[in-house]
Amino acid sequence: MKKLFFTLLFAAVMSAISASAQKIELGKFVIDKNVCTITNKETGKTFDLYGDVEIVDHFEDISIKLVDHFEDIDVRLVDSSNPSCCEFRKVKHFAKIKVRIVEHFEDISVRLVEHFPGINH
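If you're wondering where the values come from, they're calculated on a predicted model, not measured in any experiment. Once a new chain begins, its residue numbering starts again from 1 and follows that chain's sequence as written. A pLDDT threshold of at least 70 governs which residues receive local features in this predicted model, and a stricter bar of 80 or more applies before side-chain atom pairs are shown or counted, although totals over entire chains, interfaces and linings include all residues. Heavy atoms throughout the structure, all of them, feed into the side-chain values; hydrogens and water do not.

**A word on the sheet that holds strand β2 (residues 29–32)**
Sheet strands pair by backbone hydrogen bonding; their relative direction is either parallel or antiparallel.
Phase 1 of the analysis: For two strands to pair, DSSP has to find at least two bridges joining them. Secondary structure elements follow DSSP: runs of H or I of four or more residues count as helices, runs of E of two or more count as strands, with numbering from the N terminus. Overall, antiparallel pairing links the 4 strands, which are arranged β1-β2-β3-β4 in an open sheet. At either margin of the open sheet sits one strand with a lone partner, and together these are β1 (23–26) and β4 (46–48). Adjacent strand axes in the sheet meet at a mean angle of 20°, parallel and antiparallel pairs treated alike. Axes here refer to lines fitted to C-alpha atoms; in helices the fit is confined to the stretch in contact. Angles between the N-to-C directions go from 0 to 180 degrees.

If you want it as structure tokens, here you go:
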């Protein structure tokens, strides 16, 4: 009986660890790897980490810093209107997410890649 109890307890703990590992806390944002989204903890607003993106100077949904190393996500810019996780198409209007590129105090760090985009935590 004790063996069954400890087996069930172990399974429950491992399940909880696995579920929490799919959500990444980044300051005021949370990335959910399962559904490829990012959520602003202050506003509760959730954005897909793929699709159309507009680069803006003001009134952004999220600020990013472009880096070469130690990035939060690897992003690939595409021309396709059917992107996968961490693939974005730059547009000038009607984007699902508006991004401002900054040098300091970013919400997340991004590295632009040609291959293998993804979340790095």
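**Some words on the pattern of salt bridges**
Phase 1 of the analysis: Note on definitions: salt bridges are taken to be side-chain nitrogens of Lys or Arg within 4 Å of carboxyl oxygens of Asp or Glu. Tallied over the full model, the rule gives 8 salt bridges.
Phase 2 of the analysis: Linking Glu25 and Lys41 is a salt bridge whose minimum nitrogen-to-oxygen distance equals 2.7 Å. A residue pair is termed long-range when its members are at least 10 positions apart, and Glu25 in strand β1 and Lys41 in the loop between β3 (37–40) and β4 qualify at 16 residues.
Phase 3 of the analysis: A simple rule labels every residue: compare its accessible area, found with a 1.4 Å probe on the protein chains alone, to the largest value its type can have, and call it buried under 20%, exposed over 50%, or partly exposed in between. On the basis of relative accessibility, which here comes to 53%, the residue Glu25 falls in the exposed class.
Phase 4 of the analysis: Look at Lys41 and you get partly exposed, because its relative accessible area is 45%.
Phase 5 of the analysis: Between Arg111 and Glu71 there is a salt bridge, with its nearest N and O atoms 3.4 Å apart. Placement of Arg111 in strand β10 (residues 108–112) and of Glu71 in the loop between β6 (62–66) and β7 (73–77) is noted, with a sequence separation of 40 residues between them.

**Section: the pairing of β2**
Phase 1 of the analysis: Residues Phe29 and Ile31 line one face of β2 and the alternating positions Val30 and Asp32 line the opposite face, and both faces are buried.
Phase 2 of the analysis: In the sheet, β1 pairs with β2 via 4 bridges, with the strands oriented antiparallel. In the sheet register, Lys23 faces β2, and the bridge partner there is Asp32.
Phase 3 of the analysis: The pairing of β2 with β3 spans 4 bridges and is antiparallel. Across the sheet, Phe29 pairs through a bridge with Asn40, a residue of β3.

**Regarding the nonpolar core**
Phase 1 of the analysis: Definition used in this section: a nonpolar core is a set of buried Ala, Val, Leu, Ile, Met, Phe, Trp, Tyr and Cys residues joined via side-chain atoms within 4.5 Å. The biggest cluster of nonpolar side chains holds 20 residues, and the ones touching the most others in it are Ile31, Ile38, Leu49, Ile73 and Ile108.
Phase 2 of the analysis: Secondary structure elements with two or more residues in this core: β1, β2, β6, β7, β9 (97–101) and β10.
Phase 3 of the analysis: The contact criterion used throughout is that any non-hydrogen atoms of two residues lie within 4.5 Å. Setting aside its immediate chain neighbours within four residues, Ile73 contacts Ile31, Leu49, Cys86, Ile108, Ser109, Val110, Arg111, Gly118, Ile119 and Asn120.

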